[in-house]
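# Descriptive analysis of the structure
Letter by letter, the chains look like this.
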Amino acid sequence: MATRSCLCAFLLFLVFAFQSPIIRANIFPLPPRECRQLSFATLARFEFLSQLIQLRTEFLLRSSIGVGINDISPGLIQGGPAPIGAAIATLDNVTRGIIEQFGLNGVGHLRAIVDVTALNPPLPRPLIDVRAEAFANVLGLGGLVPPFNVYNNRLRFLLAANLLTNLLVQYEGAIAPAIIGNDEQRLLSGIERTNAAELGVIRAQLYASVNATVPPYTLTVRNLTDIIAETVNLRGRCDVKEEGLIVPLQLGAQNRTTVNVVPADVNSLAFTRIETEVLRIIFATANATITGGLLPSGLFGAAFRLILALRLG
Ligand SMILES: *[C@@H]1O[C@H](CO)[C@@H](O)[C@H](O)[C@H]1NC(C)=O
Ligand SMILES: *[C@@H]1O[C@H](CO)[C@@H](O)[C@H](O)[C@H]1NC(C)=O
Ligand SMILES: *[C@@H]1O[C@H](CO)[C@@H](O)[C@H](O)[C@H]1NC(C)=O
Ligand SMILES: *[C@@H]1O[C@H](CO)[C@@H](O)[C@H](O)[C@H]1NC(C)=O
Ligand SMILES: *[C@@H]1O[C@H](CO)[C@@H](O)[C@H](O)[C@H]1NC(C)=O
(Lines give C-alpha, C1' and ligand atoms only; values in the text may rest on other atoms or scores of the structure.)
(Ligands and ions follow the chains in the order given, each with its own letter.)
Protein backbone atom coordinates (compact mmCIF):
# COMPACT_ATOMS: atom_id res chain seq x y z
CA MET A 1 0.00 0.00 0.00
CA ALA A 2 2.77 2.38 1.05
CA THR A 3 4.71 1.64 -2.13
CA ARG A 4 1.63 2.21 -4.21
CA SER A 5 0.76 5.58 -2.70
CA CYS A 6 4.44 6.59 -2.97
CA LEU A 7 4.37 5.73 -6.65
CA CYS A 8 1.16 7.67 -7.15
CA ALA A 9 2.57 10.67 -5.33
CA PHE A 10 5.66 10.52 -7.50
CA LEU A 11 3.61 10.29 -10.68
CA LEU A 12 1.46 13.20 -9.56
CA PHE A 13 4.62 15.16 -8.85
CA LEU A 14 5.79 14.46 -12.40
CA VAL A 15 2.51 15.65 -13.86
CA PHE A 16 2.35 18.85 -11.84
CA ALA A 17 6.07 19.59 -11.96
CA PHE A 18 5.87 19.66 -15.74
CA GLN A 19 2.76 21.76 -15.68
CA SER A 20 4.05 24.53 -13.47
CA PRO A 21 5.89 26.59 -16.14
CA ILE A 22 2.73 26.51 -18.23
CA ILE A 23 0.69 27.67 -15.25
CA ARG A 24 3.00 30.62 -14.56
CA ALA A 25 3.14 31.76 -18.16
CA ASN A 26 -0.57 31.48 -18.72
CA ILE A 27 -2.44 34.75 -18.49
CA PHE A 28 -5.78 33.07 -19.15
CA PRO A 29 -7.73 31.24 -16.48
CA LEU A 30 -6.61 27.60 -16.24
CA PRO A 31 -8.92 25.08 -17.86
CA PRO A 32 -10.51 22.59 -15.47
CA ARG A 33 -8.25 19.78 -14.33
CA GLU A 34 -9.78 17.19 -16.68
CA CYS A 35 -8.96 19.41 -19.68
CA ARG A 36 -5.36 20.34 -18.84
CA GLN A 37 -2.39 19.25 -20.94
CA LEU A 38 -0.72 16.13 -19.49
CA SER A 39 3.04 15.69 -19.41
CA PHE A 40 3.87 12.59 -21.38
CA ALA A 41 7.17 11.86 -23.07
CA THR A 42 7.31 12.47 -26.82
CA LEU A 43 7.64 8.73 -27.45
CA ALA A 44 4.54 7.99 -25.36
CA ARG A 45 2.61 10.55 -27.41
CA PHE A 46 3.62 8.88 -30.69
CA GLU A 47 2.73 5.49 -29.23
CA PHE A 48 -0.72 6.83 -28.37
CA LEU A 49 -1.06 8.56 -31.74
CA SER A 50 -0.02 5.40 -33.61
CA GLN A 51 -2.97 3.55 -32.09
CA LEU A 52 -5.47 6.27 -33.03
CA ILE A 53 -4.04 6.14 -36.56
CA GLN A 54 -4.39 2.35 -36.62
CA LEU A 55 -8.04 2.58 -35.58
CA ARG A 56 -8.91 5.05 -38.32
CA THR A 57 -6.72 3.41 -40.96
CA GLU A 58 -8.13 -0.10 -40.42
CA PHE A 59 -11.63 1.38 -40.66
CA LEU A 60 -10.94 3.32 -43.87
CA LEU A 61 -8.98 0.55 -45.63
CA ARG A 62 -11.31 -2.30 -44.73
CA SER A 63 -14.46 -0.37 -45.61
CA SER A 64 -13.11 0.95 -48.93
CA ILE A 65 -11.05 -1.95 -50.34
CA GLY A 66 -11.49 -4.76 -47.82
CA VAL A 67 -7.88 -5.10 -46.65
CA GLY A 68 -6.05 -4.19 -43.46
CA ILE A 69 -2.80 -2.41 -42.59
CA ASN A 70 -0.71 -5.60 -42.57
CA ASP A 71 -2.03 -6.57 -46.02
CA ILE A 72 -0.60 -3.33 -47.38
CA SER A 73 2.57 -3.34 -45.29
CA PRO A 74 3.30 -6.77 -43.75
CA GLY A 75 4.81 -6.64 -40.27
CA LEU A 76 4.12 -2.95 -39.69
CA ILE A 77 1.67 -3.66 -36.86
CA GLN A 78 1.29 -6.71 -34.64
CA GLY A 79 -0.73 -9.68 -35.80
CA GLY A 80 -3.63 -10.80 -33.70
CA PRO A 81 -7.36 -10.57 -33.95
CA ALA A 82 -8.65 -8.58 -36.91
CA PRO A 83 -10.83 -5.59 -36.10
CA ILE A 84 -14.28 -6.71 -34.99
CA GLY A 85 -17.10 -5.99 -37.41
CA ALA A 86 -15.13 -4.54 -40.32
CA ALA A 87 -17.09 -4.57 -43.58
CA ILE A 88 -16.93 -3.12 -47.06
CA ALA A 89 -19.07 0.02 -47.18
CA THR A 90 -21.55 0.92 -49.90
CA LEU A 91 -19.80 3.88 -51.49
CA ASP A 92 -19.81 5.49 -54.91
CA ASN A 93 -16.56 5.23 -56.84
CA VAL A 94 -15.42 8.77 -56.12
CA THR A 95 -15.90 8.42 -52.36
CA ARG A 96 -14.32 4.96 -52.37
CA GLY A 97 -11.24 6.31 -54.13
CA ILE A 98 -10.96 9.15 -51.61
CA ILE A 99 -11.35 6.86 -48.61
CA GLU A 100 -8.89 4.35 -50.02
CA GLN A 101 -6.28 7.07 -50.37
CA PHE A 102 -6.86 8.27 -46.82
CA GLY A 103 -6.46 4.68 -45.58
CA LEU A 104 -3.22 4.28 -47.50
CA ASN A 105 -2.05 7.65 -46.15
CA GLY A 106 -2.49 6.20 -42.66
CA VAL A 107 -0.19 3.27 -43.51
CA GLY A 108 2.46 5.75 -44.62
CA HIS A 109 2.06 7.72 -41.40
CA LEU A 110 2.59 4.57 -39.33
CA ARG A 111 5.71 3.72 -41.33
CA ALA A 112 7.01 7.26 -40.88
CA ILE A 113 6.51 6.94 -37.11
CA VAL A 114 8.52 3.71 -37.14
CA ASP A 115 11.22 5.32 -39.28
CA VAL A 116 11.64 8.49 -37.22
CA THR A 117 10.91 7.53 -33.61
CA ALA A 118 12.29 4.76 -31.38
CA LEU A 119 9.08 2.76 -31.78
CA ASN A 120 9.89 -0.50 -33.59
CA PRO A 121 7.69 -2.55 -35.87
CA PRO A 122 5.46 -4.40 -35.36
CA LEU A 123 3.65 -1.63 -33.52
CA PRO A 124 1.43 -2.81 -30.67
CA ARG A 125 -2.08 -3.13 -31.99
CA PRO A 126 -5.11 -2.39 -29.83
CA LEU A 127 -8.32 -4.40 -30.13
CA ILE A 128 -10.50 -2.46 -32.54
CA ASP A 129 -14.29 -2.68 -32.69
CA VAL A 130 -15.77 -1.10 -35.80
CA ARG A 131 -19.14 -2.82 -35.73
CA ALA A 132 -22.02 -0.59 -36.83
CA GLU A 133 -23.36 -0.76 -33.24
CA ALA A 134 -20.06 0.50 -31.84
CA PHE A 135 -20.09 3.49 -34.20
CA ALA A 136 -23.74 4.24 -33.48
CA ASN A 137 -22.86 4.33 -29.79
CA VAL A 138 -19.77 6.52 -30.21
CA LEU A 139 -21.66 8.94 -32.46
CA GLY A 140 -24.49 9.21 -29.92
CA LEU A 141 -26.94 7.71 -32.40
CA GLY A 142 -27.52 4.43 -30.56
CA GLY A 143 -31.17 5.32 -29.99
CA LEU A 144 -32.16 5.61 -33.65
CA VAL A 145 -34.66 3.16 -35.13
CA PRO A 146 -33.81 1.33 -37.32
CA PRO A 147 -30.24 1.07 -35.94
CA PHE A 148 -27.72 3.50 -37.47
CA ASN A 149 -25.42 1.63 -39.86
CA VAL A 150 -22.31 3.43 -41.09
CA TYR A 151 -21.60 0.81 -43.75
CA ASN A 152 -24.55 0.91 -46.13
CA ASN A 153 -24.84 4.60 -46.96
CA ARG A 154 -22.22 7.08 -48.11
CA LEU A 155 -23.39 9.96 -45.90
CA ARG A 156 -23.58 7.82 -42.77
CA PHE A 157 -20.11 6.52 -43.55
CA LEU A 158 -18.74 10.05 -43.96
CA LEU A 159 -20.19 11.08 -40.59
CA ALA A 160 -18.14 8.33 -38.92
CA ALA A 161 -15.01 9.20 -40.93
CA ASN A 162 -15.50 12.85 -39.98
CA LEU A 163 -15.42 12.16 -36.24
CA LEU A 164 -12.35 9.89 -36.37
CA THR A 165 -10.46 12.35 -38.57
CA ASN A 166 -11.38 15.34 -36.44
CA LEU A 167 -10.24 13.60 -33.23
CA LEU A 168 -6.92 12.78 -34.86
CA VAL A 169 -6.33 16.35 -36.02
CA GLN A 170 -7.36 17.70 -32.62
CA TYR A 171 -5.01 15.35 -30.77
CA GLU A 172 -2.14 16.25 -33.11
CA GLY A 173 -2.83 19.92 -32.47
CA ALA A 174 -2.85 19.35 -28.71
CA ILE A 175 0.53 17.62 -28.57
CA ALA A 176 2.38 19.64 -31.21
CA PRO A 177 3.75 22.28 -28.79
CA ALA A 178 5.07 19.55 -26.46
CA ILE A 179 6.92 17.40 -28.99
CA ILE A 180 10.68 17.32 -28.45
CA GLY A 181 13.13 16.90 -31.34
CA ASN A 182 13.27 18.51 -34.79
CA ASP A 183 12.67 15.26 -36.65
CA GLU A 184 9.75 14.40 -34.40
CA GLN A 185 8.24 17.88 -34.86
CA ARG A 186 8.55 17.60 -38.64
CA LEU A 187 7.00 14.13 -38.52
CA LEU A 188 4.01 15.28 -36.49
CA SER A 189 3.56 18.39 -38.61
CA GLY A 190 3.52 16.33 -41.80
CA ILE A 191 0.95 13.91 -40.41
CA GLU A 192 -1.17 16.73 -39.03
CA ARG A 193 -1.28 18.70 -42.28
CA THR A 194 -2.29 15.60 -44.23
CA ASN A 195 -5.02 14.75 -41.72
CA ALA A 196 -6.29 18.35 -41.69
CA ALA A 197 -6.59 18.30 -45.48
CA GLU A 198 -8.46 15.00 -45.24
CA LEU A 199 -10.84 16.47 -42.68
CA GLY A 200 -11.60 19.35 -45.02
CA VAL A 201 -12.37 16.96 -47.88
CA ILE A 202 -14.70 14.86 -45.75
CA ARG A 203 -16.56 17.87 -44.38
CA ALA A 204 -16.87 19.47 -47.82
CA GLN A 205 -18.42 16.24 -49.08
CA LEU A 206 -20.88 16.26 -46.17
CA TYR A 207 -21.62 19.96 -46.59
CA ALA A 208 -22.61 19.46 -50.23
CA SER A 209 -25.48 17.32 -48.87
CA VAL A 210 -26.10 19.30 -45.70
CA ASN A 211 -29.87 19.61 -46.34
CA ALA A 212 -30.32 16.06 -47.62
CA THR A 213 -32.22 13.63 -45.45
CA VAL A 214 -30.19 10.58 -44.53
CA PRO A 215 -32.20 7.44 -45.22
CA PRO A 216 -33.94 5.66 -43.54
CA TYR A 217 -34.41 8.65 -41.19
CA THR A 218 -36.16 11.97 -41.61
CA LEU A 219 -33.06 13.67 -40.18
CA THR A 220 -30.80 15.71 -42.45
CA VAL A 221 -27.01 15.63 -42.54
CA ARG A 222 -27.15 18.92 -40.68
CA ASN A 223 -29.35 17.40 -37.96
CA LEU A 224 -27.05 14.42 -37.57
CA THR A 225 -23.91 16.58 -37.27
CA ASP A 226 -25.71 18.54 -34.53
CA ILE A 227 -26.70 15.43 -32.58
CA ILE A 228 -23.22 13.92 -32.92
CA ALA A 229 -21.55 17.16 -31.80
CA GLU A 230 -23.77 17.41 -28.74
CA THR A 231 -22.95 13.87 -27.60
CA VAL A 232 -19.24 14.18 -28.35
CA ASN A 233 -18.93 17.48 -26.46
CA LEU A 234 -20.78 16.08 -23.46
CA ARG A 235 -18.53 13.03 -23.33
CA GLY A 236 -15.33 14.98 -23.97
CA ARG A 237 -16.21 17.15 -20.92
CA CYS A 238 -14.03 20.04 -22.12
CA ASP A 239 -16.20 22.58 -23.87
CA VAL A 240 -17.63 22.73 -27.39
CA LYS A 241 -15.01 21.40 -29.81
CA GLU A 242 -17.11 19.26 -32.09
CA GLU A 243 -19.43 21.37 -34.21
CA GLY A 244 -22.19 20.76 -36.72
CA LEU A 245 -21.98 21.87 -40.36
CA ILE A 246 -24.38 24.75 -39.70
CA VAL A 247 -23.95 26.77 -36.51
CA PRO A 248 -25.67 29.78 -34.95
CA LEU A 249 -24.21 33.06 -36.24
CA GLN A 250 -22.38 33.74 -32.98
CA LEU A 251 -20.37 30.52 -33.50
CA GLY A 252 -19.69 31.18 -37.19
CA ALA A 253 -16.48 32.73 -38.55
CA GLN A 254 -16.40 36.45 -37.61
CA ASN A 255 -20.01 36.06 -36.40
CA ARG A 256 -21.00 36.54 -40.04
CA THR A 257 -21.78 33.07 -41.37
CA THR A 258 -23.68 30.00 -40.26
CA VAL A 259 -21.70 27.80 -42.65
CA ASN A 260 -19.23 25.73 -40.67
CA VAL A 261 -17.45 23.46 -43.12
CA VAL A 262 -14.20 23.88 -41.18
CA PRO A 263 -14.86 23.81 -37.43
CA ALA A 264 -12.82 26.22 -35.30
CA ASP A 265 -12.90 28.67 -32.40
CA VAL A 266 -13.83 32.37 -32.33
CA ASN A 267 -10.73 33.37 -34.32
CA SER A 268 -11.04 30.34 -36.61
CA LEU A 269 -8.19 28.49 -34.88
CA ALA A 270 -8.69 24.72 -34.89
CA PHE A 271 -9.69 23.09 -31.59
CA THR A 272 -7.41 20.69 -29.73
CA ARG A 273 -8.14 17.67 -27.56
CA ILE A 274 -5.76 15.97 -25.12
CA GLU A 275 -5.48 12.19 -24.58
CA THR A 276 -8.18 11.90 -21.94
CA GLU A 277 -10.72 13.86 -23.99
CA VAL A 278 -10.09 11.66 -27.02
CA LEU A 279 -10.49 8.51 -24.93
CA ARG A 280 -13.72 9.66 -23.28
CA ILE A 281 -15.18 10.04 -26.76
CA ILE A 282 -13.70 6.93 -28.43
CA PHE A 283 -14.68 4.76 -25.46
CA ALA A 284 -18.13 6.40 -25.49
CA THR A 285 -18.05 6.29 -21.69
CA ALA A 286 -17.18 9.93 -20.92
CA ASN A 287 -14.44 8.47 -18.71
CA ALA A 288 -10.88 7.90 -20.00
CA THR A 289 -10.37 4.99 -17.59
CA ILE A 290 -13.48 3.06 -18.62
CA THR A 291 -12.81 1.36 -21.96
CA GLY A 292 -15.48 0.63 -24.54
CA GLY A 293 -16.71 1.96 -27.86
CA LEU A 294 -14.20 1.54 -30.68
CA LEU A 295 -11.31 0.46 -28.41
CA PRO A 296 -12.97 -2.00 -26.01
CA SER A 297 -9.70 -3.18 -24.42
CA GLY A 298 -8.10 0.24 -24.17
CA LEU A 299 -4.66 1.08 -25.51
CA PHE A 300 -1.07 -0.04 -25.09
CA GLY A 301 1.71 2.19 -23.87
CA ALA A 302 2.91 4.52 -21.16
CA ALA A 303 0.33 7.28 -21.67
CA PHE A 304 -2.70 5.06 -21.19
CA ARG A 305 -1.04 3.24 -18.28
CA LEU A 306 -0.46 6.55 -16.51
CA ILE A 307 -4.02 7.69 -17.19
CA LEU A 308 -5.22 4.48 -15.51
CA ALA A 309 -2.73 4.70 -12.63
CA LEU A 310 -3.64 8.31 -11.87
CA ARG A 311 -7.33 7.65 -12.48
CA LEU A 312 -7.55 10.56 -14.87
CA GLY A 313 -11.18 9.71 -15.71
C1 LIG B 1 -17.00 2.08 -60.47
O2 LIG B 1 -15.79 1.34 -60.54
C3 LIG B 1 -15.97 0.02 -60.98
C4 LIG B 1 -14.65 -0.73 -60.83
O5 LIG B 1 -13.57 0.12 -61.09
C6 LIG B 1 -16.49 0.04 -62.42
O7 LIG B 1 -16.70 -1.27 -62.87
C8 LIG B 1 -17.81 0.80 -62.45
O9 LIG B 1 -18.27 0.93 -63.79
C10 LIG B 1 -17.64 2.18 -61.84
N11 LIG B 1 -18.97 2.80 -61.73
C12 LIG B 1 -19.20 4.04 -62.13
C13 LIG B 1 -20.59 4.54 -61.93
O14 LIG B 1 -18.34 4.75 -62.62
C1 LIG C 1 -29.63 24.37 -47.30
O2 LIG C 1 -30.89 24.95 -47.10
C3 LIG C 1 -30.82 26.32 -46.75
C4 LIG C 1 -32.22 26.80 -46.33
O5 LIG C 1 -33.18 26.23 -47.13
C6 LIG C 1 -30.25 27.09 -47.93
O7 LIG C 1 -30.16 28.46 -47.63
C8 LIG C 1 -28.84 26.55 -48.21
O9 LIG C 1 -28.30 27.16 -49.37
C10 LIG C 1 -28.88 25.05 -48.42
N11 LIG C 1 -27.49 24.59 -48.44
C12 LIG C 1 -27.01 23.75 -49.36
C13 LIG C 1 -25.55 23.47 -49.26
O14 LIG C 1 -27.71 23.22 -50.18
C1 LIG D 1 -33.26 19.45 -38.04
O2 LIG D 1 -32.82 20.69 -38.54
C3 LIG D 1 -33.84 21.61 -38.80
C4 LIG D 1 -33.22 22.84 -39.43
O5 LIG D 1 -32.70 22.50 -40.66
C6 LIG D 1 -34.57 21.96 -37.52
O7 LIG D 1 -35.63 22.85 -37.81
C8 LIG D 1 -35.10 20.69 -36.90
O9 LIG D 1 -35.65 20.97 -35.65
C10 LIG D 1 -34.00 19.66 -36.74
N11 LIG D 1 -34.57 18.41 -36.28
C12 LIG D 1 -34.04 17.71 -35.28
C13 LIG D 1 -34.75 16.45 -34.90
O14 LIG D 1 -33.03 18.05 -34.71
C1 LIG E 1 -18.63 36.87 -31.85
O2 LIG E 1 -19.54 36.81 -30.76
C3 LIG E 1 -18.97 36.32 -29.56
C4 LIG E 1 -20.06 36.28 -28.52
O5 LIG E 1 -21.16 35.60 -28.98
C6 LIG E 1 -17.83 37.19 -29.12
O7 LIG E 1 -17.22 36.62 -27.99
C8 LIG E 1 -16.81 37.31 -30.23
O9 LIG E 1 -15.80 38.22 -29.88
C10 LIG E 1 -17.46 37.77 -31.54
N11 LIG E 1 -16.47 37.73 -32.59
C12 LIG E 1 -16.29 38.73 -33.45
C13 LIG E 1 -15.21 38.56 -34.46
O14 LIG E 1 -16.97 39.73 -33.44
C1 LIG F 1 -14.05 7.23 -13.99
O2 LIG F 1 -14.07 5.86 -13.73
C3 LIG F 1 -13.33 5.49 -12.56
C4 LIG F 1 -13.26 3.98 -12.53
O5 LIG F 1 -14.54 3.43 -12.56
C6 LIG F 1 -13.97 6.10 -11.36
O7 LIG F 1 -13.22 5.77 -10.21
C8 LIG F 1 -13.99 7.62 -11.54
O9 LIG F 1 -14.70 8.22 -10.47
C10 LIG F 1 -14.66 8.00 -12.85
N11 LIG F 1 -14.44 9.43 -13.06
C12 LIG F 1 -15.39 10.24 -13.45
C13 LIG F 1 -15.02 11.68 -13.57
O14 LIG F 1 -16.53 9.86 -13.70
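Here's a quick rundown of the structure. Here the structure is a predicted model, which means the values were calculated and not measured. (Residues numbered from 1 in each chain as written. Chains lettered and ligands numbered in written order. Predicted model: local features only at pLDDT ≥ 70, side-chain atom pairs only at ≥ 80, totals over all residues. Heavy atoms only, no water.)

This part takes up the site of ligand 5. Taken together, the residues surrounding ligand 5 are Arg237, Asn287, Thr289 and Ile290. Within the side chain of asparagine 287, one N or O atom sits 2.3 Å away from an oxygen atom of ligand 5. For ligand 5, an oxygen atom lies 3.3 Å from a polar atom in the side chain of threonine 289. Isolated, ligand 5 exposes 360 Å² of accessible area, and the fraction of that covered by the protein chains is 39%. Per-class residue counts for the shell around ligand 5 are one nonpolar, two polar and one charged. (Near = heavy atom within 4 Å. Polar contact = N/O pair within 3.5 Å; in protein donor to acceptor, adjacent residues only side chain to side chain. Areas by Shrake-Rupley, 256 points an atom, 1.4 Å probe, with all protein chains shown as cover. Nonpolar A, V, L, I, M, F, W, Y, C, P; charged D, E, K, R; others polar.)

The next subject is unusual backbone geometry. Cis geometry is found at the peptide bond from proline 121 to proline 122, where omega equals -5°. Along the polypeptide, proline 122 turns up in the loop between helix H4 (93–116) and helix H5 (132–138). Unusually for a residue other than glycine, alanine 286 sits at a positive phi of about 60°. Locating alanine 286 in the fold gives a position in the loop between helix H9 (275–282) and helix H10 (302–309). (Helix = DSSP H or I, 4+ residues; strand = E, 2+ residues; numbered from the N terminus.)

With that settled, the discussion passes to the state of the cysteines. One pass over the structure, following the stated rule, counts one disulfide. At a sulfur-sulfur separation of 2.1 Å, the disulfide partner of cysteine 35 is cysteine 238. Between cysteine 35 and cysteine 238 the sulfur-sulfur dihedral comes to about -95°; the bridge is accordingly left-handed. Remark: cysteine 238 occurs in the loop between helix H8 (221–236) and H9 and cysteine 35 occurs in the loop between helix H1 (2–25) and helix H2 (42–64); sequence separation between them is 203 residues. (Disulfide = S-S within 2.5 Å.)

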